[in-house]
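Secondary and tertiary structure notes
The lines below spell out each chain.
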Amino acid sequence: MSDPILKAAQDPSCLLCLTPDRGGSWWSRLRPAMPRDFSEGYRWDALQAAMYSSLPWTSDYHFTFDFTVTDDFENGSYWIMYQSNGRISFALDKDARGCRFVFGSYSFNGGVFVYAPFASSLAGRHEVTLAVEGVTLRVTVDGMVYEQSGERAASSAYNRVVTTSAPVTLHAVSLTDDSTGTAVWQATYSELYAIYEPRNFSAAPMMWSSFETLTAGYNGDFIFRIVTNFRSISDNPQKNEFFFNSRWVPFAFRMNSKTRLFGWLNGSDPDAGVELSIDLPVSILGMHVLKVARTGLEYVVTFDGVELYRTSVDTARIFPEPASSSAIRSHYHSDFDGSIAEVEFSAPALSWFAPHGDLYDMLPPPPWPSPVPRNFAEEPLEWRDEETTAPSIGEDDCEFFIRYRLDDYPEGSAISQIFYHNSQNGSINIAFAGDGTGGNCSVIRLTDVGAFMIPLDRIRQLGEHTIRIQRVGLFVTVEFDGEVVATSSAGTKKIAVYSTTAPVSDFDGVIFETYWKSLTTGRTVWRYPSDAERVRLITKTNVRTDRGAFEAADETQPARVDTALDLRGKISDYTLFVEFDAAALENESVNYCKQELAGQGASKGSIPSPLAVNYNKQLNVDTLEYRLEVSVDIAGARHLSEAILPGHLAGRNSVVAVVELMDDKTRLSIYHCGVLLKSEIVDGIPKMDGYACPDSFALMDNRNGLWSNYYGKIHSCLLFDRALSAAEIAALTPKQA
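What counts, and at which threshold
Residues numbered from 1 in each chain as written. Predicted model: local features only at pLDDT ≥ 70, side-chain atom pairs only at ≥ 80, totals over all residues. Heavy atoms only, no water. Helix = DSSP H or I, 4+ residues; strand = E, 2+ residues; numbered from the N terminus. Buried < 20%, exposed > 50% of the residue type's maximum accessible area, 1.4 Å probe, protein only. Areas by Shrake-Rupley, 256 points an atom, 1.4 Å probe, with all protein chains shown as cover. Lys, Arg positive; Asp, Glu negative; His and termini not counted. Charge placed at Lys NZ, Arg CZ, Asp CG, Glu CD. Salt bridge = Lys/Arg side-chain N within 4 Å of Asp/Glu carboxyl O. Pairing = 2+ DSSP bridges. Axes fitted to C-alpha atoms, helices over the stretch in contact; angles between N-to-C directions. Contact = heavy atoms within 4.5 Å. Polar contact = N/O pair within 3.5 Å; in protein donor to acceptor, adjacent residues only side chain to side chain. Core = buried A, V, L, I, M, F, W, Y, C linked by side-chain atoms within 4.5 Å.

**So, the overall build of the protein chain**
The helix and strand inventory of the protein chain stands at 9 helices and 56 strands. In terms of overall dimensions, the protein chain has C-alpha extents of about 110 × 80 × 45 Å along its principal axes. Within the protein chain, the proportion of its 737 residues that are buried is 51%. As displayed, the protein chain has an accessible area near 30,900 Å², and 50% of this comes from carbon and sulfur atoms. Within the protein chain, the 93 negative side-chain charges are centred at a point lying 3 Å from the centre of the 63 positive side-chain charges.

Pasting the structure below:
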């Protein structure tokens, strides 16, 4: 991997850096997710669906919870998990008596409830089990058991939402059907964790209505403190208002320049108020703390702990009632290019601080290595890359190896295809029918001895196993779990390794590793999985990487590299970089054709893609034009930004698509080999709501595609969730010879 690509992969804004190294490598730094903030409310749609479809009302069941209660929260009742009149009711109560947990279930007529005793505090980590066992509701709280009995409710088609809204961190939650011993549901990583990034108050200005409501009518002493992080200063002072109100209020602040603080104390009217226009000792850019304190009739303003200004007034200004006007400047608001880390107001009789959800945007969690390997019954695979690459071994001495786990047999006489062409169409076949009594399909053809079989009593064994098949000269051996179980030396000539059809893996189990290797040259010509595939960060379909690029193994069949990245719901600036070899579109007879490069769904397709880029050829009146295009879902409709090229592309190229949000507009820019070809500003911002689009970002993605699609090669792909500068794009661009 080239150094510029490796360096770019370490940028915190790099969501994806994909290269063909070692079968496909994901180089990006995985940004750590934080435990989800459940105080803002969350809906458990997958749990609701699982209970409705997979947990009969007559079944016994139990929930398990591993969670932490925060140190401090207001009096009230909070739902740790709740389904109205449903299977689960789990609340956290706080009042003058202290804190307690309350449990319930409407699997019983009228509902049955357990009230744990009050404690002075429940702050800290807890383990809870809520079980419905026959006519008993049994709850275990940190080892203490509580029970209540009731009459079980009749079966019901009941199906309501399940929610959480509580000051807790959930570490793990699961549901088990105890009547069958089946795991019904378990909270996923993406449900328990999320990325939180500081809110940019230019892209999303905030009116602080809760602050106005709390302070209305107050005229006593107070301390106001705000921690800002300005990214830039606008020439328009109204776009630098970090806590401002245009009415006569006790205080208001904005920046007129990087070092000039403007605002007023005690109102803007000249008789009672004081206008501020103060030079700061340093630039406001970066993280800084501004504090204003009013004690009696005296105001003191400090900046980063240093006193800036002190004055006294004749009469203390009362905080007004919220304005009736909907204009943002008539209310306390923040509208500036930057973020706020903290903002709080404290007074003897009241206090306020900005909630987490107002200061931070919650983003989808980053792709995360999955501990659950691919099950080849749920996701069968045709090995088209093996079909293309394995025959390069020819008549070399060779080795085929597979490490797999067989979990179960299929119903009836169906064939468990662990690695299977059918016995005539490939050198290696590992398969059997039914539970193994229906026939052995495990035929090896590496010499002219026909029907050399792997013993059936071995391959039908459930569990994890290895098979190693070697041809050295005319001698063929089969090892099963390290033991030689079959040999053949009767052949008179070798048969070159062949795959006239793509082998298939379709069985109830997992392949941990498999490869073809030439023992003559020592070269591994085909391998699965790469490290990124092993942990499900990428999934290759009909894609080979043995020639130093992602390319279609069989260009007559769909090819794609899926990633674990899903852009739905993430409205952001983006920069998408793809280094590719152009398909020879100029040689195709059709007038409208394309090469899909990268995106979430096709850029030219029947459904808007959140983001995608392509190279294409199209007829414009009577002239064939070649273009680079970026497709973005703007306000729920596809917008194509097109850059016309001087002619068709050949050889290695790079394209960069930049999506930059601008209030209620979006700037779209297209670069070719580091040169800006097109920049336009369009009305609206990306919607990214995922309407019917695929759920994964991918290379060569033609899902829902229109036009004829052709394949070249992809050498690297990077995706950033910010707009890279022209200089950064130039640094990424491969130098042309």
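On we go from here.
**Some remarks on the pattern of salt bridges**
Evaluation of the coordinates by the stated rule reveals 43 salt bridges. Residue Glu-342 pairs with Arg-225 through a salt bridge whose shortest N-O separation is 2.9 Å. Highlighted residues: Glu-342 in strand β27 (residues 338–346) and Arg-225 in strand β18 (residues 222–230), separated in sequence by 117 residues. Of the charged contacts, one joins Lys-594 and Glu-596 as a salt bridge, the two residues approaching to 2.8 Å between their closest N and O atoms. Comparing Lys-594 with Glu-596, the two get one shared label, buried. Counted as one network, the salt bridges with shared partners bring together Arg-560, Asp-562, Asp-701 and Arg-703.

**Side note on the sheet that holds strand β15 (residues 182–186)**
Reading across the sheet, the 6 strands line up as β12-β11-β10-β5-β14-β15 and stay open at both edges, with antiparallel pairing between neighbours. The sheet is open, and its two borders are formed by β12 (144–149) and β15, each paired with just one other strand. For this sheet the average axis-to-axis angle between neighbouring strands, irrespective of direction, equals 15 degrees. As paired strands, strand β5 (residues 61–69) and strand β10 (residues 124–133) are joined by 9 bridges and run antiparallel to one another. In the strand pairing of β10, Thr-68 is matched with Arg-125. Sitting on the sheet, helix α2 (residues 45–54) touches β5, β14 (168–177) and β15, and the angle it makes with β15 is about 155 degrees.

**As for the environment of Ser-54**
Here Ser-54 lies in helix α2. With relative accessibility at 41%, the residue Ser-54 sits in the partly exposed group. The spacing of Ser-54 and Leu-619 is 565 residues in sequence and 54 Å in space, taken between C-alpha atoms. Sequence-distant contacts of Ser-54, that is, excluding residues within four places in its chain, are made with Asp-177 and Val-184. Here Ser-53 takes part through its side chain, which lies 3.2 Å from a polar atom of the side chain of Ser-54.

**What about the nonpolar core?**
Residues Leu-576, Val-578, Phe-580, Leu-611, Phe-697, Leu-699 and Leu-719 are the most contacted members of the largest nonpolar core, which totals 49 residues. For this core, the elements supplying multiple residues, two or more each, are β1 (14–19), β46 (574–581), β47 (593–599), β48 (611–620), β49 (623–634), β51 (652–662), β52 (665–672) and β56 (713–720). Not counting residues up to four positions away in its chain, the partners in contact with Leu-699 are Leu-18, Phe-550, Arg-560, Val-561, Leu-597, Ala-598, Ile-714 and Cys-717.

**Description of the sheet that holds strand β6 (residues 76–83)**
Strand order across the open sheet formed by 6 strands is β4-β13-β6-β7-β8-β9, with antiparallel pairing between neighbours. At either end of the open sheet lies a strand with only one pairing partner, and these are β4 (42–43) and β9 (112–115). Judged from the 4 bridges that link them, strand β8 (residues 98–105) and β9 form a sheet pairing that is antiparallel. Pairing of Gly-104 across the sheet is with Phe-113, part of β9. Relative to strand β13 (residues 162–165), α2 is tilted by about 145 degrees, and along the sheet it contacts β4, β6 and β13.

**Focus: the environment of Gly-24**
One can find Gly-24 in the loop between β1 and β2 (25–26). Exposure remark for Gly-24: the relative accessible area of 1% places this residue in the buried category. Excluding anything up to four places from it in sequence, Gly-24 contacts Thr-19, Ser-530, Ala-532, Ile-538 and Phe-550.

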